[in-house]
Amino acid sequence: MRLRSLAAALAAALPLVAATPALADTARPTTTAPASDCALPGKTGWTDEGHNTDRTQFQQPFGTKHVLMLFVDFPDAPAAGSLDDYYRALAPAQEWMEQDSYGRVRLDIDPLKRWITMPQASATYGFQRGITFEQQELYVRQAVQAAAPYVDFSKYDMLYIVPTKSASAISFSPTYLYDPTTAGITVNGTRIKWAITFGQDMYHWGYKVADHETSHTFGLPDLYAFTGTDVHRYVGGWDLMGNIAGPAPQHIGWERWKFGWIDDRQVACLPAAGSRTVRLKAVERPGGTKIAVVRTGGTTAYVAESRRAVGADDTACSTGVLIYKVDTSTTTGNGPIQVVTNPNAAAPTGNCTALDMQTWQPGQWFQDDTARIRIYVNASDASTDTVWTYKW
């Protein structure tokens, strides 16, 4: 991997194609290929970045998702505060998801305006120990059973279960994904498939924790690290599945393509030796070509996309071309997406991290000699970047 200016590359007198991307672009025919040639299969058997998501187990990320919000308290943590305040804390997730999906997903959150008292103390469910699937399923089952007299569950696609703020033992907000091979949870003939059991971390992350966890029900993995001291070493604040509170947290273009929010016609694919010149429109805005993909293996690819400080990314620390590597065989929490670092990136300031600065500017390029690929940034304007992708 190396970064040089075009002038430096010309001075180095390397072979024409390797050293002068702009000239090579005019000297070599442009390669065209269908987007499907760059779609990668998931190989983890669970949430991943592959295109073959099991839509039996995971929700289809289209249309209106009717969400029932239940408010629960406990014998050791009685109800505290206004139900309207709890709802308002999470309600902005609706607008955020609609914007992020270019209007293709709408969360319709319907709060049941009464407290549901759980039969067990809050400290008995195991949240402090990380909570097992069985413990979480028990928690969800008890909540729906207690709410059953007041709710027609057949009207809803998923549940948001919000505990009273006094329940400090409900510490974090995992997603419940049903197991279709088991009896699971059925109430009045309706199978409960997806639920988010919110915890105290919602007061740290804010409403976007709802968008993050809902994305798990669509099949996305976590992009933060499950081990080590730097948990955001893979994507920093460039994606909601990484640092939820990051400066540019809208979903990356690859995930939008996986969901179908980006159409195949908006993907420029380079699956084999050749080159393509692509004008990318910022992913924060609808329309235009969104991602340039260079496939490097059965489960790997490099992706380039244009990022701007607009929309939900209005606090982005840097703008330009974001380049990242995708590996759909890498499990959740181990870096299935990794942002490529730019040696000439600006130094971080304020609350920005080094990884938040890793965009590429005109005249800069990224090269992976092992994968035999190069991505060169030709030009930029207010809302687009033009890149040249090359594979040899």
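Only a predicted model underlies this, so the values are computations on that prediction, with no experimental measurement involved.

**A closer look at the state of the cysteines**
Part 1: Enumeration according to the criterion identifies two disulfides in this entry.
Part 2: Between the sulfur atoms of C38 and its disulfide partner C269 the distance amounts to 2.0 Å. The sign of the 85° torsion about the S-S bond sets the C38-C269 disulfide as right-handed. Pair noted here: C38 is in the loop between α3 (21-27) and β1 (63-73) and C269 is in strand β8 (residues 267-270), with a separation of 231 residues, a long-range link. Grouping residues by exposure puts C38 and C269 together as buried.
Part 3: A disulfide bridge connects C317 with C352, and the sulfur atoms are separated by 2.0 Å. Here C317 and C352 share a disulfide; its torsion about the S-S bond, -90°, makes the bridge left-handed.

**Section: unusual backbone geometry**
Part 1: The phi dihedral of I131 is positive, around 55°, even though this residue is not glycine.
Part 2: Take I131: it is sitting in the loop between β2 (105-117) and α6 (133-147).
Part 3: Phi angles above zero are rare outside glycine, and R372 is one such case at about 60°.
Part 4: By secondary structure assignment, the location of R372 is in the loop between β15 (365-368) and β16 (373-380).

**A few points about the pairing of strand β7 (residues 194-197)**
Part 1: Neither face of β7 is open: one carries W194 and I196, the other A195 and T197, and all of them are buried.
Part 2: Note: strand β3 (residues 158-163) against β7, three bridges, orientation parallel. When the sheet's bridge partners are listed, I161 is paired in β7 with T197.
Part 3: As paired elements, strand β4 (residues 175-177) and β7 share three bridges and run antiparallel to each other.

**Remarks on the confidence of the model for the protein**
Where the model shows low pLDDT, its predicted coordinates should not be examined in detail.
Part 1: Residues with a pLDDT of 70 or more make up 92% of the protein, whose mean pLDDT is 92.
Part 2: Low pLDDT, under 50, characterises residues 1-27; the stretch is placed with 52 contacts to residues that sit more than four places away or in other chains.

Cut-offs used in this document
Residues numbered from 1 in each chain as written. Predicted model: local features only at pLDDT ≥ 70, side-chain atom pairs only at ≥ 80, totals over all residues. Heavy atoms only, no water. Disulfide = S-S within 2.5 Å. Helix = DSSP H or I, 4+ residues; strand = E, 2+ residues; numbered from the N terminus. Buried < 20%, exposed > 50% of the residue type's maximum accessible area, 1.4 Å probe, protein only. Pairing = 2+ DSSP bridges. pLDDT = per-residue confidence, 0-100. Contact = heavy atoms within 4.5 Å.

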